[in-house]
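Letter by letter, the chains look like this.
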Amino acid sequence: MSDLRSVVRGTVLLAGDDGFDDARRPWNLAIEQPVLAVVEAADADDVSALVRYARSIGVAVSAQPSGHGASGNTDGVILLRTRRLDEVVVDAAARTARVGAGVASRAVQTAATAHGLTGMPGSSPVVSVTGYTLGGGLGWFARKYGWAADHVTAFEIVDAEGNQSRVTADADPDLFWALRGGGGDIALVTAIEYGLHHEPDLFGGRMVWPAERAPEVLAAFRAVTADAPQELTLWADLFQFPGSSPIVSVDVTYLGGEADARALLTPLDGVDGLLSDSRAVLPMIELGSITADPTDPGPGSSRAELLTDLDDLTVKALLAEPIAPLLAVQIRHLGGALAQASDSPHGAVREPYLVYLFGLPITQEAAAGITAKQQAVVDSLGGAVSGRKPLTFLNPAESAAAAFAPEALARLRQIKADRDPHGVIRGNFPVNG
């Protein structure tokens, strides 16, 4: 495969090369990611040349801009990195952005904020916009605006034959539908264009209490989320950091003024024992400070489930035992625009909450304990677990089938069969997996 270096102008690393092991690693260092080669493409033409080469020798290409969302399903593939596809163009008048496949959320937010605009960011500023959007994109402002993928107006892609094209709802409705949340298993996206939103005001932050206040905090959380406007988003967290006392927190964003936000959050202010409160008026580029997600790779083990309710029995199950060996249990309030019909693979999300269970698998023994605890928590939730989950929340043990309704999955599989019958392109979670 050394002849690959004569095919592309970007960087090529093969097994045995200096830097190969670092280049192939995903964001989640607990996942082993075997690959034949790593290519950092210089541009879209490089991506086309790579696909034609891979097709000619009968191997697949898997794109990972930042390595987030990796499943380890890369045996025998060429791993494509797109960091050099880093163009960001904001059209303030049209309220649109065109971003290359290597662009991280923070770069778009920085460019858009200068014009009083925002994209559809998640909690992490270092996740690639393209990868996040291909998985649907379930972020802070989803209650008001829905899935990030719903706002895409065009994809620039390289297909399984190495041809470049611009995909829109009019030019190629089937592929456009599939790319808006169906994952990266059908075409390699080199850039996306999507709508921005005028949101000059953001109020947000985190409130923290000792863990013994968790029943009161979750009661207040339920009271606020019961009739929260779409502009308001709350995530509740149970934390057990190593060597520290357990705590409970609530993360908040509100697209609007401080006075209105504080009025809506009054039930939380009534919970005694507050340890810290970072809520304030924030510039959009500081959105990532709320949860302070890691900005460097590390090991992790996660599981997510959509919840049909957060009633007394569900809360009792979540609080019945300490969360250790988990590091965090997060409950996200969904609803709002997410519950509305969406002409894209993920469709509407009728479940009003999502629970996310996370641990640090430092050793094999720790990993086994975390997995067992995640299963025990899910079992305790019983019928509140719907069984469906967003694509970007899948873990390596799960398949794309869990993310889509049967008819949407069948349509994705047919488009895959029509567009890539030889399996030249492989997403983190293949639709046929």
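These lines cover the structure that appears in this document, whether it is placed above or below. Note that this is a predicted model, so its numbers are computed, not measured. (Residues numbered from 1 in each chain as written. Predicted model: local features only at pLDDT ≥ 70, side-chain atom pairs only at ≥ 80, totals over all residues. Heavy atoms only, no water.)

Looking now at the layout of surface pockets. In this model, the second largest pocket occupies a volume close to 220 Å³. Surrounding the second largest pocket, 14 residues form its lining, A211, P246, E321, P322 and I323 being those nearest its centre. When contributions to the lining of the second largest pocket are tallied by element, the ones reaching two or more residues are helix 7 (214-226), strand 13 (232-239) and helix 10 (312-319). Along the lines of polarity and charge, the residues of the lining of the second largest pocket split into twelve nonpolar, one polar and one charged. (1 Å grid on protein atoms, 1.4 Å probe; cavity = no way out; pocket = protein on both sides within 12 Å on 5 of 7 lines; lining within 4 Å. Points joined across faces, edges and corners; volume = space filled by probe spheres on them. Helix = DSSP H or I, 4+ residues; strand = E, 2+ residues; numbered from the N terminus. Nonpolar A, V, L, I, M, F, W, Y, C, P; charged D, E, K, R; others polar.)

Strand order across the open sheet formed by four strands is 1-2-4-3, with mixed pairing between neighbours. The open sheet terminates on both sides in strands that have one partner only, identified here as strand 1 (11-14) and strand 3 (60-63). If you compare each strand with its neighbour and ignore which way they point, the axes differ by 25 degrees on average. Bridge analysis of strand 2 (residues 37-40) against strand 4 (residues 77-81) gives four bridges, and the strand direction is parallel. Bridging across to strand 4, V38 finds its partner in L79. Against the sheet, helix 2 (residues 44-57) touches strand 2, strand 3 and strand 4, its axis set at about 175 degrees to strand 4. (Pairing = 2+ DSSP bridges. Axes fitted to C-alpha atoms, helices over the stretch in contact; angles between N-to-C directions. Contact = heavy atoms within 4.5 Å.)

Where helix 7 contacts helix 10, the axes come no closer than 11 Å and their chain directions differ by 145 degrees. Seen along the crossing, helix 7 lies across helix 10 with a hand that is right-handed. Residues A214, P215, L218 and R222 of helix 7 touch helix 10, and the partners they reach there are D312, V315 and L319. Classifying every residue of the contact of helix 7 with helix 10 gives five nonpolar, no polar and two charged. (Left-handed = near helix turned anticlockwise from the far one by under 90°.)

This paragraph deals with the packing of aromatic side chains. Per the counting criterion, the structure on display carries six aromatic pairs. A ring pair is formed by Y356 and F358, whose centres lie 6.3 Å apart and whose planes are at 15 degrees; its orientation type is stacked. Take Y356: its relative accessible area is 22%, and that puts it in the partly exposed class. A network of ring pairs unites the aromatic residues Y356, F358 and F393 as a single cluster. (Phe/Tyr/Trp six-rings, centres within 6.5 Å; stacked < 30°, edge-to-face > 60°. Buried < 20%, exposed > 50% of the residue type's maximum accessible area, 1.4 Å probe, protein only.)

Moving on, we come to empty space enclosed by the protein. A full pass over the atoms with the stated rule returns two cavities of 30 Å³ or more. Considering only enclosed or pocket space, the largest cavity measures out at about 60 Å³ in volume. Listed by contribution, the elements that provide at least two residues to the lining of the largest cavity are helix 5 (142-145), strand 13 and strand 18 (328-333). In terms of residue class, the lining of the largest cavity is built from six nonpolar, three polar and two charged. Reported here for the second largest cavity is a volume of approximately 30 Å³. Every residue along the wall of the second largest cavity is listed here: G135, W147, G181, H346, R388, K389, P390, L391, A403 and F404. Residue composition of the lining of the second largest cavity, grouped by class: five nonpolar, three polar and two charged.

Here the focus is the pattern of salt bridges. Side chains carrying opposite charge are able to pair once their charged atoms draw close together. Inspection of every chain in the model, using the stated rule, returns 24 salt bridges. The partner of K373 in a salt bridge is E321, with the nearest N and O atoms 3.4 Å apart. Separated by 52 residues along the polypeptide, K373 in helix 11 (residues 364-381) and E321 in the loop between helix 10 and strand 18 bring together distant segments of the chain. Taking relative accessible area as the criterion, K373 reaches 12% and is therefore assigned buried. Within this structure, R303, E305, K389 and E398 form a network of salt bridges that share partners. (Salt bridge = Lys/Arg side-chain N within 4 Å of Asp/Glu carboxyl O.)

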